[in-house]
Amino acid sequence: MSTRSFAIGLGSTPKRVLPGFGLSLGISLTFVSLMLLLPMTGLFGQLAGLSLAEYWTIITNDRVVASYVVTIGAAAVAAIVNAAFGLLLAWVLVRYEFPGKRLLDALMDLPFALPTAVAGITLATLYASNGWMGRLLEPLGLQVAYTWVGIALAMAFTSIPFVVRTVQPVLEDMPHEMDEAALTLGASDITGFRRVILPHLWPALVTGTGLAFVRSLGEFGAIIFIAGNMPYETEITALMIFVRLQEYDYAGASAIASVVLFASLALLLVINIWQGRFIKRLHGGHG
Amino acid sequence: MRLTSLRRTLLAAALGIGLATPALAAERELLNSSYDIARELFSAINPEFITHWQAENGEEVEIQQSHGGSSAQARAILQGLRADVVTYNQVTDVQVLADAGLVAEDWQQQLPNNASPYYSTTAFLVRKDNPKGIESWDDLVEEGVQIVFPNPKTSGNGRYTYLAAWGFADQEYGGDEERVHDFMRTFLRNVAVFDTGGRGATTSFIERGIGDVLISFESEVNNIRQEYGSDDYEVIVPPVSILAEFPVAVVESNAERNGNQDLAQAYLEYLYSEEAQRMLAGFNYRVHHEAVVEEFAENFPATELLTVEEIGGSWDEVMDTHFGSGGLLDQLQRR
């Protein structure tokens, strides 16, 4: 995506709302450097002290690997759940009028507004075996707090806005007539949704889900209180990083952090590339 | 504080007394950087010290407190927080400052009892009537016993618990390494939840109702019991446990810059006085002053206290062999 917009920036006519391409680009680049590149450089600076063999040993330590499995697995479950319910929520918020709609809409941002540690403590209180929810679920044999399920729950909570807020605007731009046309042409409800609506939403839905997933990989505050933090079972990668920091082992912490960072960047890149191709195909290109 | 003295100065100027009056010199402030759960303790001790100092020297002083996880507190001082004295719950955190040259190299010799005016040990808090019959460390490795204590990887409190269990097993099995490791493996497997800090573990045990036993400092479990109802919980002090020292030191470079050397030294020495030791005992810490020890004898059951040195050598060695990456703790938790 970045290459595309860059090409447009250089190639198209110089009619712009903001004056001074040079100035605005300059400020943007300075900002990006200070806010994003500088901390990244710091991270890689810490890594410079490690040899490749040391780096490999740190990131393939079996307990750390177990934490990747827990983190990625729970984040994947949380992302899939959020994709389904986030789509539904966005749909309800855009397509229907009902009392309390504004409130529900505002509520969607709550996970962003609430300090994650507060969310984690609240969820743990609710889902512990003596909590409101835990008391109901435990007799059914479903233990949430201090298990893997609790981790996924905390992740789903903190990342749901990503899906809703990326799908919502696309859905708002999509005219009602589109699905109505599909129906009048004889498509069933399901076919109409699958063949007409969903293809338009795919890019936004996948991006939102991807962002939610990546956000979950890095979440610490909300999860740590509900995870139980048992080695090999409910330890998340962010805790592994935290432990290294407690040991004043900045290089080790940076090494593990870099794995999460690369995984996230790779995923976002794949989504971007896929999205580019998808949009091209949607608009009749021969991709 | 600065504002108050400024206001006072302005007021004085307005009244025409002039600025030269010696009594108006800014009063001295001492900053005590301390561990998280010592807030109430030092809030009680500081006013007494201020009165004591005024009676002795006729000078009015102020004591500021700063609390947080003791490692984070030490890091803040390394990064420039100008605390005059430190009162921590981990020897290693003072040692970090000594290694950086902020605290005297021989700080442990500068005050009595390894510069530790009070001490504690690890003890158990069990539920009403002690249903699992937990009296000592070997009861904790029984099948079906659930233990709660903070993660030794992230908490000094948790490290003491781990070392105390190790010390017990080492004594019990006469140093047979194989059996000590087996004991520790079972002990660690019985842990229900690994919170990152002491207060988190307390919440899990009390509020969430998790586990049969909470292991923490004796002072802390007694305070919890007093706070949450002495009918619902019982404190068990095992016959063998670990000596947990609470080291104090003057941060020399800061005290010098703040012109507080005499004050800082006196403040720490005051913690050894009968008056302060009585307050400390009231907060369920064990103390050294003989009269006070006798007075509070029944609150502190006699128990054999192993030192960290007896269990695993110096703190540096212990941190390395047990708690470092790939150390014994990691090996014991390996599946």
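Residues numbered from 1 in each chain as written. Chains lettered and ligands numbered in written order. Predicted model: local features only at pLDDT ≥ 70, side-chain atom pairs only at ≥ 80, totals over all residues.

Asker: Could you give an account of the overall build of chain A, with specific residues and numbers?
Answerer: Helix and strand counts for chain A stand at 14 helices and zero strands. In terms of its C-alpha atoms, chain A occupies a principal-axis envelope of roughly 60 × 60 × 35 Å. Split into buried and exposed, the 287 residues of chain A put 29% on the buried side. Taking contacts inside chain A between residues at least 6 apart in sequence as the whole, the part at least 24 apart equals 77%. (Helix = DSSP H or I, 4+ residues; strand = E, 2+ residues; numbered from the N terminus. Buried ≥ 20, exposed ≤ 12 C-beta atoms within 10 Å, placed from the backbone. Contact = placed C-beta atoms within 7 Å.)

Asker: Give a description of the sheet that holds strand β13 (residues 286-287) of chain B that names residues and reports values.
Answerer: Residue and element names in this part refer to chain B. Judged by pairing direction, the sheet is antiparallel, and its three strands sit side by side in the order β11-β4-β13 without closing on themselves. Of all the strands in the sheet, just β11 (244-245) and β13 have a single pairing partner and so form its edges. With two bridges connecting them, strand β4 (residues 118-120) and β13 associate as antiparallel partners. Across the sheet, residue Tyr118 finds its bridge partner in β13, namely Val287. (Pairing = 2+ DSSP bridges.)

Asker: Can you lay out the UniProt feature "transmembrane region" (unreviewed entry) in chain A for me, pointing to particular residues and giving the numbers?
Answerer: All names here are of chain A. According to UniProt, the feature "transmembrane region" (unreviewed entry) maps to residues 21-45, 65-94, 106-128, 140-164 and 250-274 in the numbering used here. Span residues 140-164 is 68% helix and 0% strand, its end C-alpha atoms 31 Å apart. Taken end to end, residues 250-274 is 100% helix and 0% strand, and its first and last C-alpha atoms sit 36 Å apart. (UniProt positions renumbered as here; feature names shortened; annotations may be inferred.)

Asker: With reference to specific residues and values, describe the domain arrangement of chain B.
Answerer: Note on interface size: it is often stated as the accessible area lost on association of the parts. Residue and element names in this part refer to chain B. One can read the domain layout of chain B as domain 1 (2-119 + 245-299) and domain 2 (122-242 + 303-333). Distance from the C-alpha centre of domain 1 to the C-alpha centre of domain 2: 31 Å. When the residues that make up the side of domain 1 that touches domain 2 are grouped by side-chain class, the tally is four nonpolar, seven polar and no charged. (Domains from an automatic or database assignment. Nonpolar A, V, L, I, M, F, W, Y, C, P; charged D, E, K, R; others polar.)

Asker: So what's going on with the sheet that holds strand β1 (residues 28-35) of chain B? Residues and values would help.
Answerer: To summarise the sheet geometry, strands pair through backbone hydrogen bonds and adopt either a parallel or an antiparallel arrangement. Residues and elements named next belong to chain B. Here we have four strands laid out as an open sheet, ordered β2-β1-β3-β12, and mixed in their pairing. Only two strands of the sheet have a single partner each, and these edge strands are β2 (61-68) and β12 (248-250). Pairwise comparison of adjacent strand axes, ignoring direction, gives a mean angle of 20° for this sheet. In the packing of helix α2 (residues 39-57) onto the sheet, contacts are made with β1 and β2, and the angle to β2 comes to roughly 165°. (Axes fitted to C-alpha atoms, helices over the stretch in contact; angles between N-to-C directions.)

Asker: I'd like to hear about the UniProt feature "domain: ABC transmembrane type-1" (unreviewed entry) in chain A, residue by residue, with values.
Answerer: UniProt tags residues 68-271 of chain A as "domain: ABC transmembrane type-1" (unreviewed entry). A distance of 21 Å separates the end C-alpha atoms of residues 68-271 of chain A, which is 77% helix and 0% strand.

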